[in-house]
Amino acid sequence: MKKIRYDKLPVHIFLIVSALVFLLPVWMLIATSTHSPEEIIQHGFQLGIGEHFLSTYKSILFEKEGYTKSVTAGRMLINSLILGFGFAIGKVIISSLAAYAIVYFRFRLANFLFWIIFLTLLLPVEVRIVPSFEVLSTLGLLNSYTGLIVPLIASATGTFFFRQFYKSVPDELLEAAKIDGAGSWQFFIDILLPLSKTMMVALFIVMFIVGWNQYLWPVMMTTKPEYSTLLLGIKEIYQSNFEGSYLPEYNKAAAMTILALIVPVGIVVIFQKWFVKGLVDTEK
Amino acid sequence: MYLNIKDVDKSYSKEKKIIHGLSLEAEKGEFLVIVGPSGCGKSTLLRMIAGLEEIDRGIIEIDGQVVNSLSPAQRDIAMVFQNYALYPHMSVYKNLSYGLKNRGFDKGLIEQRVHEVAKLLQIEEFLFRKPSALSGGQRQRVAMGRAIVREPKVFLYDEPLSNLDAKLRHQMRIEIRKLHERLGITSVYVTHDQVEAMTLADRIVVMNEGKIEQIGTPDEIYNTPASVFVAKFMGTPPMNIFQVKISNGKMDFLGIEVETGSSDDTLFVGIRPEAIQDEESDISIEVAVTMVERLGSENIIYGECMGEQVIIKSKKTPSKNDTMQFYIPKESIFIFS
């Protein structure tokens, strides 16, 4: 049997208590989502598991919800996934290519252009949201996945990280590849991308969560409920609760919050393994 | 000539020229070692041959073909880098085969060649390991293997042994020479280590400040250095150099008059540390010992003689502040104008 180290006990107690404090709201959401709306109205948020687990989740995933009753949470989940993945993958691709151009092709103004890109870091999406909206509406891209994703995938942060990484790759590697007959495209695909795997996964995780949590942008860009994301859906349920004449369906709101939580947590958990593995494997 | 470099210039900025009108030739199968202090342009010269640097003026020919405007891959050269530059994410096998794959070789042929080379370099058992799992010496072999597997026209080595420890460096030096004798591929080897130069080269090229100081066999370089620079650079410890005044075509050096044809005011006189002996000979000098380095088989004695610093290689073991008698045979004195 493993010996218990009593000197470590206070630390563990502290950690366990902290973990519980952080988990409590999540647990309350899960528990609440398994009760009926009537119960929640009467007794408030719940700590025990109720009997309506299956029915609640079934109804939000497959029954049309929200203000307009025209879209299911399942559809919203898919929209959110498309936004999250499109956003993250697009950012990784665009920023790795941009950084490759800046670092390896010593064209004139490369540094200048880099700093221009870098400066856009200072401007959050919210600042350019009106002009971006104007452009997209002129292009007729409102209410489309393209309009939802493409304007956001240019990434100063990503370009910056890739640039710093590429700069740390020894020049001899490029020279060796040149002598081995690799063109610039081949060098990128065969050498640079596999080396930056770790970087890419890290950036992907961060960007997926940023994309998933986008709120203002989808609100502006989509007016049709079939393009609505989970986050918009949650808001709509609460809104209909307050403004509508129905019984407030807090159980469904809680269930959708859980849905909105599971995916990013899953992404982090899955990719973190790869992330750590990449850290251990790669050696420049 | 197999490798022909004619009147080549290179500068990175307008003020500073790296290579000045340099010409160099190598026969097929020759092992050429370029040696010089850091910043003398030797690596730049090698990179110009490889096509990694453009040249401002002049011609570079390999096997009768002007390669000035060819890319590194088209020049059919292979290069071994100082830090090996192995692809860290590829196995040894993939590292070796990458160049062949890019040249569209048949899979079966690639496999055959990689295995041949791996056997030659005794890295067969590591073929499916990543470079990070190899020791320095093994990585060095893989880097060599990547060059050999292509069967190029010219091998270029850019200080390939300077990342290894002394023992391994010695061992790899011998192996490189053996490999060269076996494969007979024209090689250009850049190093700042004159021992590597002496032991590996068919001919040594001594460079200084972007120019060639002397080209010759190791013996020629050692026994008839063309300039003070070459004399000081080749040989450890370095040659003792004294500045000597001339009067009436004669110099008065260490009490002995030496006839010279030169009418220069000052000359440089060089004596190798190993030429200063215990046995009685033409010139006798008295040395006040200031320091002794014990090497085991012999000692390096640092001392003062008539106000000049001297270095002597000797079997004697004096202690500090001793005054000792040494002799110099006349024929082992070098005179440089």
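As a reminder, the structure under discussion sits directly above these lines.
Now for a look at the structure at hand. (Residues numbered from 1 in each chain as written. Chains lettered and ligands numbered in written order. Predicted model: local features only at pLDDT ≥ 70, side-chain atom pairs only at ≥ 80, totals over all residues.)

Focus: the overall build of chain A
(1) Moving on: If you tally the helices and strands in chain A, you get 14 helices and 0 strands.
(2) Moving on: Tracing chain A from N to C terminus, the helices and strands come up as α-α-α-α-α-α-α-α-α-α-α-α-α-α.
(3) Moving on: Across its three principal directions, the C-alpha atoms of chain A cover 75 × 70 × 30 Å.
(4) Moving on: A burial count over chain A gives 32% of its 284 residues as buried.
(5) Moving on: Taking the contacts inside chain A whose residues are at least 6 apart along the sequence as the reference set, 73% of them involve residues at least 24 apart. (Helix = DSSP H or I, 4+ residues; strand = E, 2+ residues; numbered from the N terminus. Buried ≥ 20, exposed ≤ 12 C-beta atoms within 10 Å, placed from the backbone. Contact = placed C-beta atoms within 7 Å.)

Some details on unusual backbone geometry
(1) Moving on: The omega angle of the peptide bond from Thr 236 of chain B to Pro 237 of chain B is -15 degrees, so this bond is cis rather than trans.
(2) Moving on: Tracing the backbone through its elements, the reader meets Pro 237 of chain B in the loop between helix H8 (228-233) and strand S11 (240-247).
(3) Moving on: Despite not being glycine, Asn 143 of chain A shows a phi value in the positive range, around 55 degrees.
(4) Moving on: If you trace the backbone, Asn 143 of chain A turns up in the loop between helix H6 (129-139) and helix H7 (145-149).
(5) Moving on: Positive phi is not limited to glycine here, since Glu 151 of chain B has a value of about 50 degrees.
(6) Moving on: Glu 151 of chain B sits in the partly exposed class, given 13 other C-beta atoms within 10 Å.

Here we look at the interface of chain A and chain B
(1) Moving on: At the interface, 17 residues of chain A touch 18 residues of chain B.
(2) Moving on: Counting residues per element, the ones that place at least two in the side of chain A that touches chain B are helix H9 (171-179) and helix H10 (184-195) of chain A.
(3) Moving on: At 6 residues, H9 of chain A tops the list of elements feeding residues into the side of chain A that touches chain B.

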